[in-house]
Amino acid sequence: MKISGRWLRDYVNIDISYQELADKFTMTGTEISSVTPLGSDLSSVVVGKVLTKVKHPRADRLSVCQVDAGNKVFAVVCGAPNVAAGQKVPLALVGAILPGGFKIEAREIRGVHSQGMICSEKELNISEEATGIMVLAEDAPVGKSLAEVLPLEDVILEADLTPNRPDCLSMVGIAREAAIICQTTFRKPSVSVPEGSLAVEELVAVHLEDPQACPRYTARVIKGVKIGPSPFWLSRRLEAVDIRPINNVVDVTNYVMMELGQPLHAFDYNLLVGAQIKVRRAQQGEAFVTLDEKEHQLTPEVLLICDAEKPVAIGGIMGGLDSEVTPDTENILLESAFFEPTVIRRGSKKLNISTESSQRFERGTDPNGVVLALDRAAQLIAELAGGEVARGVVDQYPSPIQPQQIPLRVGRVNELLGTSLTPQEVTAFLVGLGFEVSEKEPFQVKVPTFRPDITREIDLIEEVARLHGYDKIDASVRAGGALMISHGKEQEAMARIKETLVSLGFHEVVTNSLADPNFVASVGFSQTPRRIKNPLSEDLSVLRPSLIPGLLQVLVHNFHRNLKDVRIFELGKVFHMPTEEDPFAENWSLCGVLAGKRWPGNWDRQAVEVDYYDLKGLMESFMDKLSIDNFNFLPYDGGVFLPGASAVLMMGETRCGSLGQLASEVKSVVDLRGEVFIFDLDVSALLQVMTKDHRYVSLPKFPPAERDLAIVVPEEVLAGEVERAVRQAGGELLMEVRLFDVYRGKQIATGKKGLAYSLRYQSPHKTLTDSEVDKIQQKITKTLREKFGAVLRG
Amino acid sequence: MATGPEVETEYYNFEALNFPKDHPARDMQDTYYLGDDLLLRTHTSPVQIRVMESQGPPVRVVMPGRVYRNEEINPRSFTVFYQVEGLYVDQHVTFGDLKGVLAAFVERFFGPKTSLRFRPSFFPFTEPSAEVDIGCFICQGKGCRVCKRTGWLEILGAGMVDPAVLEAVNYDPEEVSGYAFGMGVDRISMLRYGIDDIRLFYENDLRFLQQF
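Residues numbered from 1 in each chain as written. Chains lettered and ligands numbered in written order. Predicted model: local features only at pLDDT ≥ 70, side-chain atom pairs only at ≥ 80, totals over all residues. Heavy atoms only, no water.

**Brief notes about the nonpolar core**
The biggest cluster of nonpolar side chains holds 58 residues, and the ones touching the most others in it are Leu 514, Leu 552, Leu 555, Ile 568 and Ile 678 of chain A together with Leu 40 and Tyr 202 of chain B. In terms of residue count, the dominant contributor to this core is helix H15 (residues 548–559) of chain A (7 residues). Discounting chain neighbours no more than four positions away, the residues touching Leu 514 of chain A are Ile 532, Leu 540, Val 542 and Leu 543 of chain A together with Tyr 32, Leu 40, Tyr 68, Thr 79 and Val 80 of chain B. By size, the runner-up hydrophobic cluster in this structure holds 54 residues, among which are Leu 8, Leu 169, Leu 260 and Ala 382 of chain A. (Core = buried A, V, L, I, M, F, W, Y, C linked by side-chain atoms within 4.5 Å. Buried < 20%, exposed > 50% of the residue type's maximum accessible area, 1.4 Å probe, protein only. Helix = DSSP H or I, 4+ residues; strand = E, 2+ residues; numbered from the N terminus. Contact = heavy atoms within 4.5 Å.)

**So, empty space enclosed by the protein**
For the structure shown, the criterion picks out 3 cavities of 30 Å³ or more. The calculated volume of the largest cavity comes to roughly 120 Å³. At the level of elements, helix H12 (457–468) of chain A together with strand E5 (116–123) of chain B are the ones that each hand at least two residues to the lining of the largest cavity. For the lining of the largest cavity, the element with the most residues is H12 of chain A, which contributes 3 residues. Partitioned by chemical class, the residues of the lining of the largest cavity number 4 nonpolar, 6 polar and 4 charged. If you add up the space inside the second largest cavity, you get close to 50 Å³. As for the second largest cavity, its lining consists of Arg 412, Leu 416 and Ile 458 of chain A together with Met 160, Val 161, Asp 162, Pro 163, Leu 166, Pro 173, Ser 177 and Gly 178 of chain B. (1 Å grid on protein atoms, 1.4 Å probe; cavity = no way out; pocket = protein on both sides within 12 Å on 5 of 7 lines; lining within 4 Å. Points joined across faces, edges and corners; volume = space filled by probe spheres on them. Nonpolar A, V, L, I, M, F, W, Y, C, P; charged D, E, K, R; others polar.)

**As for the sheet that holds strand E26 (residues 443–447) of chain A**
Residues and elements named next belong to chain A. With respect to topology, 3 strands assemble into an open sheet ordered E24-E26-E25, the strand pairing being antiparallel. Single-partner strands in this sheet number two, and they are strand E24 (404–408) and strand E25 (436–437). Note that E25 and E26 share 2 bridges and pair antiparallel. Across the sheet, residue Glu 436 finds its bridge partner in E26, namely Lys 446. Packed on one face of the sheet, H12 meets E24 and E26 and runs near 75° to E24. (Pairing = 2+ DSSP bridges. Axes fitted to C-alpha atoms, helices over the stretch in contact; angles between N-to-C directions.)

**Some thoughts on the interface of chain B and chain A**
Counting residues at the interface gives 79 residues for chain B, matched by 73 residues for chain A. For the pair chain B and chain A, the summed buried area comes to about 6,300 Å², and 55% of that belongs to carbon and sulfur atoms. Summed over the shared surface of chain B and chain A, the number is 8 salt bridges. Across the pair Arg 119 of chain B and Glu 31 of chain A runs a salt bridge, and its minimum N-O distance is 3.5 Å. Taken together, chain B and chain A are joined by 29 residue pairs in polar contact (both at pLDDT 80 or more). No other element matches E5 of chain B, which puts 6 residues into the side of chain B that touches chain A. Along the lines of polarity and charge, the residues of the side of chain B that touches chain A split into 35 nonpolar, 20 polar and 24 charged. (Buried area = accessible area lost by both parts, 1.4 Å probe. Salt bridge = Lys/Arg side-chain N within 4 Å of Asp/Glu carboxyl O. Polar contact = N/O pair within 3.5 Å; in protein donor to acceptor, adjacent residues only side chain to side chain.)

**Some words on the side chain of Asp 251 of chain A**
All names here are of chain A. As for its position among the elements, Asp 251 is in helix H6 (residues 248–260). The buried charged residue Asp 251 lacks any salt bridge partner; its closest oppositely charged side chain belongs to Arg 244, at an N-O distance of 8.5 Å. From its side chain, Asp 251 meets the backbone nitrogen of Ile 246 in a polar contact 2.7 Å long. Residues within four places of Asp 251 in sequence aside, it is in contact with Ser 230, Leu 234, Leu 238, Arg 244, Pro 245 and Ile 246. (Lys, Arg positive; Asp, Glu negative; His and termini not counted.)

**Focus on the sheet that holds strand E38 (residues 676–682) of chain A**
All names here are of chain A. Taken together, 7 strands build an open sheet; the order of strands is E27-E31-E32-E38-E37-E36-E35 and the sheet is mixed. Every other strand in the sheet has two partners, leaving strand E27 (507–508) and strand E35 (631–635) as the edge strands with one partner each. Where strand E37 (residues 654–662) meets E38, 5 bridges bridge the pair, whose relative direction is antiparallel. Across the sheet, Ser 658 pairs through a bridge with Asp 680, a residue of E38. Helix H13 (residues 489–503) contacts E27, strand E31 (566–575), strand E32 (586–595) and E38 of the sheet and is inclined by roughly 160° relative to E31.

**Description of the state of the cysteines**
Scanning the entire structure with this criterion turns up 0 disulfides over all chains. Between Cys 78 of chain A, a cysteine without a disulfide, and Cys 65 of chain A, which holds the nearest cysteine sulfur, the sulfur-to-sulfur distance is 5.4 Å. Given the relative accessible area of 4%, Cys 78 of chain A is considered buried. You can see Cys 136 of chain B has no disulfide; the closest cysteine sulfur is in Cys 139 of chain B, sitting 3.5 Å from it. (Disulfide = S-S within 2.5 Å.)

**A few points about helix H5 (residues 185–193) of chain B**
Residue and element names in this part refer to chain B. Inspection of H5 places Asp 186, Ile 188, Ser 189, Met 190 and Leu 191 among the buried residues, and these make up the whole buried set. Where H5 is buried, its residues touch strand E4 (80–90), helix H3 (95–110), strand E7 (152–161), strand E8 (177–184) and helix H6 (200–203). Remark: Gly 194 follows H5 within two positions and exhibits a positive phi of approximately 70°.

**Here's the deal with unusual backbone geometry**
A cis geometry characterises the amide bond from Pro 57 of chain B onward to Pro 58 of chain B, with omega recorded as 0°. Here Pro 58 of chain B shows up in the loop between helix H2 (46–54) and strand E3 (59–68). In the Ramachandran plot, Ala 585 of chain A falls in the positive-phi region, its phi being about 55° despite a non-glycine side chain. Structurally, Ala 585 of chain A is set in the loop between E31 and E32.

**Topic: the packing of aromatic side chains**
Following the criterion strictly, the structure yields 23 aromatic pairs over all chains and no others. The interplanar angle of 65° and the centroid separation of 5.6 Å between the aromatic rings of Tyr 612 of chain A and Tyr 613 of chain A together place this pair among those described as edge-to-face. Classification of Tyr 613 of chain A as exposed rests on a relative accessible area of 61%. Both rings, one in Tyr 636 of chain A and one in Phe 641 of chain A, keep their centres 6.3 Å apart while their planes meet at 65°; by these two values the pair is edge-to-face. For Phe 641 of chain A, a relative accessible area of 4% translates into the label buried. The rings of Phe 78, Tyr 193, Phe 201, Tyr 202, Phe 208 and Phe 212 of chain B are connected pair by pair, giving a single aromatic cluster. Of note, Arg 176 of chain A hangs over the ring of Phe 450 of chain A, and the distance from its end group to the ring centre comes to 3.6 Å. Note that Arg 50 of chain B overlies the ring of Tyr 12 of chain B, its terminal NZ or CZ placed 4.0 Å from the centroid. (Phe/Tyr/Trp six-rings, centres within 6.5 Å; stacked < 30°, edge-to-face > 60°. Lys NZ or Arg CZ within 6 Å of the ring centre and 35° of its normal.)

Now the structure itself:
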């Protein structure tokens, strides 16, 4: 919210600089994000009177004016369409420097000498108005400095308010804070309403159908007003806080809202049927046009203000088009009400309308400040728009809301803050806030209704803390033993996974979990991904079902920058469709991408492109470094990989991921040249193994026996399958199997291949004899013959 | 250390943390919804609730993780980012203790000469709440572009655990008290390394990655 320093001074004396005030606000919880002077440094801008205006001889859009500056008349070339003889205008004299640094000089404009400039409001940094020059009041004294004539100089403090402080959404609320932090007194605006003889009860009756949603509704009627523009001081103050002036009556309602924090609404009384106001819930499907000319279909969540026949406003949110104040309005009904915050919040969300009014009501206004605001507005309207204020106020307030009484223990204050404040100090802070504190402890604190955020002892403690000053609370170092040092085995395992991949030359990346459904589908993930109900945009509308699409995008990003040797991985969550048992439906996934060269080429070795065996080798090293040994690769021909250059990674009998060369269809979608290799692992399977307790296996006491096994098998038999069969047949005495030769050629028939394994046997209990080993070898040979048609090589 | 799911329920993300339904405090965090009750967590604070539900006091834990906000993407904000937060609940924990632990953190992370200030703020799940600023180390507090001429850089939010949060996990606020603090990992890294665009973290340009 913007705070006008000039306006603030109506209610509080400030004897420190605005910057100092801003710092004090920030340090007591009202964060001031900027301090901006407005309309300053307008020396050498004076009130001028346009004596004559003639068209510029050589430019259609320019005119030449003779402007009286009091002691001298200047010729000034002006481009504004609204300049006219007889006007009083702001004239920047030669030598003046306008806000923004523009220096006024005497110069020739298309052959006419111009000595000064007639300024627009924007050029003077008064407002954003730049369509024409600013026209001053008729009685402005010619030759006087503008700064003396107009309330121009101001300082705007921009406050970033937290949602718990609705009372600060007004000048008076801010002034109350300023008074406490500057230790000075705070003055409420004095209000007195000049009432006429007509009684308001004769003019309007108010009926509350839902007093829970609208606990209080008050109204006044003013007859015979004259709608017109607001005086400069009023429109200036509204503009300073970013509210557009409209007409004197509407401006007064906005002014009082900004002053006291109570939103008001003015109806054209003549357009209300039946001299009555009814507050009720909307019916399902009821239609209503708000004053911004939008039509809304309503639901019972929305509260309506109605006359005898029809709705005339959406309570607390926005008025209706059909009853708004227009230039022809003569009689007005002024509304000041208190609405239940959640009702306004739901209605505002439902209709997707947020206004200055709804923002205040949904945070909580003061139910007991309603009449003060109504009177203040009536007073100002009578002053500025004339008319007669009907006698009295219609006030429907069936169950008045009382200030809360909250107990407060000073001991508790000090215990929680680590302070040693006295009861007197605590009382002083609370009294400064306008709270009433009982004489004796434990204190009973009466909290005024303009502070709806304070309902509990802890809320009072916070008030004491912020006014005492967080900086005055001593930092303490607490000696604490280890309370929760379990890092979590899974966390540790994930850290190890990352470190291991980094040690293998990979960079860790993080990519967005929100993805583009079209892209995800185009790279081979055809299952419908999980959608977000309210996405920022379509290209961030689903949760990623796999890390692969994101990593491909990283790859493409780098390829486009000619960075083609890529080794990256991501460890992150992937998401699938929720089920009854698993509504969260998210899993940790680990995915890596390998592309480009195995190593950069240099003088002693040529660059080589990575291939599938690099990927497989890296996976083996990875598993090895994590001490996972019961894994193997099975052929795989699905997903986004190329059949024949891909595999499923098994750990024991569990499938824990896949790896392979990216299929060319997918590659062409992302327009990548060169081959891309990917591994995609399910982290939970890895974690299961990694988090198991590791047990020591005693070292062998007896020597091993080594044997070789050379066989010939048909070409299509996979070496990995053979190895599995060997291990199975070999039993627990077979400790190691290593394929040391693959041979195709002269001595081998076409369509066959030779495989040579070295086998190591060992028993923990004894030295194995030759015959024991031979028996196992024979069993292996037999198995291989039966399974694969393997023949022993001589 | 503890972690929790990125897909969360309204209860853990908001209600248990004292964000009432239909309260403007929920506007502080623009939320992605997956269903009526499911959302992408907007902060790591739901893990506080999960940890406290799983054990009685005392609790001392840090909670890192990925969080989501439905906010426009620009150099200073991304729709996904990381937070890490800390929670300590025990007998007689004070606001002074919170100041002590954060002063120690700032000294270790940003250097021993870093100035530090606590100013009052509002978070539904802590009270009193504070925002913590460090003296801008780029301009030494004189005022520059990075600190928006204030001389201070906001680095984290903190406060005393609100009694309503303790009650939500069946801790007795008369018996124990605690503090919590949380910070944006991306933001802290940006400040520490002088990175001016958060999107660099998620773009993964190799020339960026190679610098770390």
